[in-house]
Each structure stands twice: as C-alpha cells, then as structure tokens.
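Structural features, examined
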Amino acid sequence: MGNGIAHTFAQFGYKVTLIDINDEALDRAMATIEKNLDRQVSKGTLTTEDKQQTLNHIIRSTDVKTGVETADLIVEAATENLELKLKIFKDLNAFAKPEAILASNTSSISITQIASVTTRGDKVIGMHFMNPVPVMKLVEVIRGYATSDETTQTVMELSKKLAKVPVEVNDYPGFVANRILMPMINEAVFTLFEGVAGVEEIDTVMKLGMAHPMGPLQLADFIGLDVCLAILKVLHDGFGNPKYAPCPLLVNMVMAGKKGVKSGEGFYNYANGLKEAKVADKFSN
C-alpha cells in the first residue's frame, strides 16, 4: 500500500520520499502511481498538470537513513510481519529527527508493541489507510498506550488535509476495521470449507443480501489471503479466543501459495485479469 500512500500525500502537495528495498521495487511503485494518476486524469478528477506536479513531489530512495532524516512524518507500510516492523521502527527511531512522528499502516499489530522499541512512544501512532488509498476515505488513527494528544491531533488534522475521514480508535488487536471484517471473511471461508455453498454463491448472498460492494471471498483475494491469515493470527493470539482461529482451508491455501490477486489465484483465478476473474478450478462445480 506504500505507493498509494505516497501518491495521496504527493497529490495534496506534500514532498514525499518513497523508500523501498531496491530500484526494481521502486520502479514498480512509480509505475503503479503513474497508472493510477492516468486513471484519475481520464475520469476528469485530475488534470495532466496535476499529475505531473504529483510525480514531481515524489523522490525515490533505497537508503532508509538518508530517506527519513529530514522527514516530519514517516509512514511505514511494510508487510504485516511483527519482526520486520520492529526492525524498521528501531531504524526509524535512530535515523529520524527527534521531533518526527513515526506512523505505521499496520492493520492489526499493536502500536504499543511497535512503540516499545523506540525512545519516542509519544510520537508513535497507527495510521491505517484503506486500499486503494487514493480512493478510500477512511483512515483509522490508532493511539498506542503512550501516544500523546498532540501527536494524535496532528495526524487527525493531517488526514483531513488529505481529504480523508480519520477515526480515532484505541490499540487492541485488529483495531475496529479488521476486528469486525476478518471474522466475517473467516466465516465465509468456513462456509465454503463445510460445503454450505460455493464461492460465487457465498459472494452473491453477501453482495445482494447485505449490500456489500464485493463478496467476502473476493475481498479476501484482493486483500491477500496471507494478510488475512496474519491478521486472524494476531486476533487469535491477542484475545486467546477460539472464535478467531483461522479456517484450515485458508491456512492450506496460503501454504500452497494461493494468496489471491497478487499470486494470480485464490478463491478466484486472475489469469485473465481482475475483470475476468473466474472461480478457481479447485472450487468450480
């Protein structure tokens, strides 16, 4: 989601340094940003001049130290892996200026735990954007145990300047969005696993019966089945409640490399692109 976050800040006039592990990853990110900007231009929500200004606001770096040392706000958007995030925040704490705010786009991991590896717990906060970031309005703003009122207010106001709607929540596993969403997705997987209905049938019931724009199994594919599994594990470990235990089918699919859109197959097969996705062979009638 990092490219979407960079896109959004840059579009609203902020200077952004986009940091990734290598030039190839940065090339992919910039290509995605340009494609999404072109989509906005084609829809008339952005001019070609706005597009170019947005791109001009983004510089690239593979060096965390030089990339963050002058930043006022740093938003981490690495994969949902606790060890990786703790390592990143140790580095950010060492390299960023003392007054910089360190935010995480984590969708479930404890902000308090992330802050514990820094010396600036008052300036560590969750800034959980929704995907796709340039389109979705919500930002969950998560206060860790030590997050200050000043940091929270700054991030709330900044989110509004990005034309987002920030919602302040407290630091418990899954926060609000995923504490509610992931059990629903997990239950949809159990419904498939137990043979109650097929993939399309489950998604159709939720789309037409509950007015969801996307069925839960298709949404899981879009999020990434590995991400869904990781969040469910955080919920299960954090609350110790068996109701959050991930469905064995979800576990097996992730182990088999079927992670959804990003791997080309999950509950649906994306060989011909998102718009022509069909139920994966394993689930076809």
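By the naming in an unreviewed UniProt entry, the protein chain goes by 3-hydroxybutyryl-CoA dehydrogenase and is assigned to Pedobacter nutrimenti.

A short note on helix H12 (residues 248-255)
All of the buried residues in H12 are Leu249, Leu250, Met253 and Val254. Summarising the axial view, the buried residues of H12 lie within an arc of 130°, below the 170-degree limit, and thus occupy one face. Next to the buried residues of H12 lie helix H8 (177-193) and helix H11 (225-239). Looking one or two residues beyond H12, the residue adopting positive phi is Gly257, at roughly 85°.

Side note on the nonpolar core
With 29 residues, the main nonpolar core has Phe267 and Phe283 as its most contacted residues. Those elements that place two or more of their residues in this core are H8, helix H9 (199-210), helix H10 (216-223), H11 and H12. With seven residues, the top contributor of residues to this core is H11. Ignoring any residue separated from it by four or fewer positions in sequence, one finds Phe283 in contact with Leu192, Val199, Leu249, Met253, Gly266 and Phe267.

Overview of the sheet that holds strand E5 (residues 124-129)
As summarised here, the arrangement of the five strands in space is E3-E4-E5-E6-E7, forming an open sheet in which the pairing is mixed. The sheet is open, and its two borders are formed by strand E3 (73-76) and strand E7 (165-170), each paired with just one other strand. On average, adjacent strands in this sheet sit at an angle of 30° to one another, irrespective of strand direction. The sheet contact formed by strand E6 (residues 138-143) and E7 spans six bridges and is parallel. Bridged to Ile142 within E7 is Val169.

Digging into the domain arrangement of the protein chain
Assigned domains of the protein chain: these are domain 1 (1-170) and domain 2 (176-283). A separation of 26 Å is found between the C-alpha centroids of domain 1 and domain 2. The partner domain 2 presents seven residues to the nine residues of domain 1 that form the contact. For the pairing of domain 1 and domain 2, the buried interface totals around 630 Å² over both sides, and the portion due to carbon and sulfur atoms is 64%. Where domain 1 touches domain 2, the interface holds zero salt bridges. At the boundary of domain 1 and domain 2, one finds three residue pairs in polar contact (both at pLDDT 80 or more). Residue composition of the side of domain 1 that touches domain 2, by class: three nonpolar, four polar and two charged.

Digging into the state of the cysteines
Under the criterion given, the structure shown has zero disulfides. Here Cys228 is not cross-linked by a disulfide; its sulfur's nearest cysteine counterpart is in Cys247, at 12 Å.

Remarks on the side chain of Glu140
Checked against the element boundaries, Glu140 lands in strand E6. Here Glu140 occupies a buried position and makes no salt bridge, while the nearest side chain of opposite charge, Arg179, is found at 10 Å. Here the side chain of Glu140 touches His128 through a polar contact of 2.8 Å, side chain to side chain. A polar atom in the side chain of Glu140 sits 3.0 Å from the backbone nitrogen of Ala177.

Notes on the pairing of E5
Counted residue by residue, E5 has six buried out of six residues, so it is predominantly covered. Side chains Val124, Gly126 and His128 project from E5 onto one buried face, and the interleaved Ile125, Met127 and Phe129 project onto a second face that is buried too. Pairing analysis gives three bridges linking strand E4 (residues 101-104) to E5, with the strands arranged parallel. The residue bridging Ala103 from the neighbouring strand is Ile125, located in E5. Two strands pair when backbone bridges link them, and E5 and E6 are joined in this way by five bridges, in the antiparallel orientation.

Reading guide: rules and limits
- Counting from 1, residues in each chain are numbered in the order their sequence is written.
- This being a predicted model, a pLDDT of at least 70 is required before a residue's local features are given, and a value of 80 or more before pairs of side-chain atoms are given or counted; all residues contribute to the totals for chains, interfaces and linings.
- Side-chain metrics rest on all non-hydrogen atoms present in the structure, leaving aside hydrogens and water.
- Type-normalised accessible area, obtained with a 1.4 Å probe on protein chains alone, sets the label of each residue: buried when under 20%, exposed when over 50%, and partly exposed for intermediate values.
- Think of it this way: any DSSP run of H or I at least four residues long counts as a helix, any run of E at least two long counts as a strand, and we number them from the N terminus.
- This arc corresponds to the set of directions leading from the helix axis out to the C-beta atoms.
- Contacts between residues were defined by any pair of non-hydrogen atoms, one from each residue, lying within 4.5 Å.
- Only buried Ala, Val, Leu, Ile, Met, Phe, Trp, Tyr and Cys residues count toward a nonpolar core, and they belong to the same one when joined by side-chain atoms within 4.5 Å.
- Only when DSSP finds a minimum of two bridges between them are two strands counted as paired.
- For helices, the fitted line uses only the C-alpha atoms of the stretch in contact; every axis is such a line through C-alpha atoms, and the angle between N-to-C directions lies from 0 to 180 degrees.
- Domain start and end points were adopted from an automatic or database domain assignment.
- Two parts placed together each lose some accessible area; with a 1.4 Å probe, that loss summed over both constitutes the buried area.
- The term salt bridge refers to a pairing of a side-chain nitrogen on Lys or Arg with a carboxyl oxygen on Asp or Glu at a separation within 4 Å.
- What qualifies as a polar contact is a pair of N or O atoms within 3.5 Å, subject to a donor-acceptor requirement within protein and to the restriction that residues adjacent in sequence count only when both atoms come from side chains.
- Classification convention: Asp, Glu, Lys, Arg as charged; Ala, Val, Leu, Ile, Met, Phe, Trp, Tyr, Cys, Pro as nonpolar; all other residues, Gly among them, as polar.
- Any two cysteine sulfur atoms lying within 2.5 Å of each other are counted as a disulfide.
- Neither His nor the chain ends contribute to the count of charged residues, in which Lys and Arg are positive and Asp and Glu negative.

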